[in-house]
Structures are given as structure tokens and as C-alpha cells.
Amino acid sequence: MENLRLRTILAIFFLLLAIVWVVPNAINTGKMWWPSQKKLNYGLDIQGGLHLVMGVDVAGVVNEGANRLVAS
């Protein structure tokens, strides 16, 4: 029972810490006292500046498959 209570307290603590960390991104906390005045710095993937295209070399796959069949 003690272990469950400790885990619950830790979960609530870290949830509150995460809320304190994220609130300046949701509202303007300029004149209010807040532990973290800086906004989170988003990476390129979240800002929309990353475009990733993946493709398959079909001729290479067919050639490798044929080589495996010949070898077996």
C-alpha cells in the first residue's frame, strides 16, 4: 500500500511540474510570477520546416531478389 501511495504522489508531482513547464506556451505570463518565463523552443519538425520523403529502389530490390533465388 505504501508503494502505491508513493507512486501516486510522484505521478501528481511530475504532472504539476509538467503543467508549470508548459503554461508559458499556452498563455502570456509576462507580468505574472512564474518559475519558467521562457517558452519551449520547438524543433523543425514541429514548426513545419522539415520535409522527409522516403522511397524504394525498386530495380535494386528486384535485382537482389533475383540474385537470392539464383543463389538458392
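On a predicted model such as this, the values are computed, not experimentally measured, just so you know.

Now for the overall build of the protein. A count of helical and extended segments in the protein gives three helices and zero strands. Counting from the amino terminus, helix and strand elements in the protein follow one another as α-α-α. The buried share among the 72 residues of the protein stands at 6%. Accessible surface for the protein amounts to roughly 6,900 Å². Of this, 68% is attributable to carbon and sulfur atoms.

So, on to helix α1 (residues 2–26). Three- or four-residue spacings in an α-helix give side chains the same orientation, since the helix completes a turn every 3.6 residues. Counted at 1.5 Å a residue, the expected span for α1 with its 25 residues is 36 Å, and the 36 Å between its end C-alpha atoms agrees. At Val20, α1 shows its maximal bend, which comes to roughly 25°, and the proline Pro24 appears one to four places after that position.

This next bit is on the packing of aromatic side chains. Tallying each qualifying case throughout the model produces one aromatic pair. When the ring of Phe13 is compared with that of Phe14, the centres are 5.2 Å apart and the planes differ by 70°; the resulting orientation is edge-to-face. According to the relative accessible area criterion, Phe14 is partly exposed, its value standing at 48%.

Scanning all chains against the criterion turns up one salt bridge. We note a salt bridge from Arg68 to Glu64, for which the minimum N-O separation is 2.8 Å. A residue pair is termed a helical-turn pair when its members lie 3 or 4 positions apart in one helix, as Arg68 and Glu64 do in helix α3 (residues 58–71) at four residues. A relative accessible area of 57% places Arg68 in the exposed class.

We now examine the confidence of the model for the protein. Overall, the prediction assigns the protein a mean pLDDT of 82, with 81% of residues at 70 or greater. At the level of individual helices and strands, the protein shows its lowest average pLDDT in helix α2 (residues 44–47), which scores 69, and its highest in α3, which scores 93.

Right, let's get into the environment of Val22. As for its position among the elements, Val22 is in helix α1. It is 7.7 Å that separates the C-alpha atoms of Val22 and Leu40, two residues lying 18 residues apart in sequence.

With that settled, the discussion passes to a nonpolar patch on the surface. A cluster of nonpolar side chains, namely Leu6, Leu10, Phe13, Phe14 and Leu17, defines an oily patch on the protein surface of about 490 Å² accessible area. Tracing the backbone shows Leu10 in helix α1. Residue Leu10 is classed as partly exposed on the basis of its relative accessible area of 40%.

Rules behind the numbers
- Residues numbered from 1 in each chain as written.
- Predicted model: local features only at pLDDT ≥ 70, side-chain atom pairs only at ≥ 80, totals over all residues.
- Heavy atoms only, no water.
- Helix = DSSP H or I, 4+ residues; strand = E, 2+ residues; numbered from the N terminus.
- Buried < 20%, exposed > 50% of the residue type's maximum accessible area, 1.4 Å probe, protein only.
- Areas by Shrake-Rupley, 256 points an atom, 1.4 Å probe, with all protein chains shown as cover.
- Expected span 1.5 Å × (residues − 1).
- Bend = angle between axes of the 7 residues up to and from the residue.
- Phe/Tyr/Trp six-rings, centres within 6.5 Å; stacked < 30°, edge-to-face > 60°.
- Salt bridge = Lys/Arg side-chain N within 4 Å of Asp/Glu carboxyl O.
- pLDDT = per-residue confidence, 0-100.
- Patch = residues over 30% accessible without salt bridge, like charges linked within 9 Å, V, L, I, M, F, W, Y side chains within 5 Å.

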